[in-house]
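Summary of structural features
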Amino acid sequence: MAAGVNGAEVAKLFGVTPQHIYKMAASGSIPSFRIPGSVRFDPDEVAAWLKEKQAPAAASQRIGSPRVAAKFLV
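Residues numbered from 1 in each chain as written. Predicted model: local features only at pLDDT ≥ 70, side-chain atom pairs only at ≥ 80, totals over all residues. Heavy atoms only, no water.

On to the overall build of the protein, then. Across its full length, the protein holds four helices and two strands. The linear arrangement of helices and strands in the protein, starting from the amino end, is α-α-β-β-α-α. Residue burial in the protein is summarised as follows: out of 74 residues, 18% are buried. Taking contacts inside the protein between residues at least 6 apart in sequence as the whole, the part at least 24 apart equals 30%. (Helix = DSSP H or I, 4+ residues; strand = E, 2+ residues; numbered from the N terminus. Buried < 20%, exposed > 50% of the residue type's maximum accessible area, 1.4 Å probe, protein only. Contact = heavy atoms within 4.5 Å.)

Here is the structure:
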């Protein structure tokens, strides 16, 4: 089992600060797990969480172009 990625790596992908990611993890807003001395993130779980969060938003919008809709589900 991989040790996962750290909050700084997730923050860089999302364009937010690591502190914001760690606050989200502490509140349970983003999937994470603790190992002694740190909080880690499973990339597959974070990707699934992000797709779950994006899919309802994309589906609720009236988007005329399939290419535009597809960018929300990547």
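A separate point is the packing of aromatic side chains. By the definition in use, this model includes two aromatic pairs. Seen in terms of ring centroids, Y22 and F41 are 6.3 Å apart; in terms of plane orientation they differ by 45 degrees. Their pairing is tilted. Here F41 lies in the loop between strand 2 (38-40) and helix 3 (43-60) and Y22 lies in helix 2 (residues 18-27), a separation of 19 residues in the sequence. Under the relative-accessibility criterion, Y22 is labelled partly exposed at 33%. Given a relative accessible area of 0%, F41 falls into the buried group. (Phe/Tyr/Trp six-rings, centres within 6.5 Å; stacked < 30°, edge-to-face > 60°.)

Its location among the elements puts R40 in strand 2. Of the side chains with opposite charge, E9 comes closest to the buried, unpaired R40, at an N-O distance of 4.9 Å. At 2.7 Å, the side chain of R40 and the backbone oxygen of G4 are in polar contact. Apart from residues lying up to four places away in sequence, R40 is in contact with A3, G4, V5, N6, S32, F33 and I35. (Lys, Arg positive; Asp, Glu negative; His and termini not counted. Salt bridge = Lys/Arg side-chain N within 4 Å of Asp/Glu carboxyl O. Polar contact = N/O pair within 3.5 Å; in protein donor to acceptor, adjacent residues only side chain to side chain.)

Our focus in this paragraph is the confidence of the model for the protein. Taken over all residues, the pLDDT of the protein has a mean of 82, while the share at 70 or more is 72%. Helix 2 holds the highest mean pLDDT among the elements of the protein, 97, whereas helix 4 (residues 66-72) holds the lowest, 45. In this model, residues 67-74 is a region of pLDDT below 50 whose contacts with residues beyond four sequence positions or in other chains number ten contacts. (pLDDT = per-residue confidence, 0-100.)

Let's shift gears to helix 2. All of the buried residues in helix 2 are I21, M24 and A25. Looking down the long axis of helix 2, one finds its buried residues gathered within 100 degrees of arc, a one-sided arrangement. More than 90 degrees from the buried face of helix 2, the exposed residues found are Q19, K23, A26 and S27. The first or second residue beyond helix 2 is G28, which carries a positive phi of 85 degrees. (Arc of directions from axis to C-beta.)

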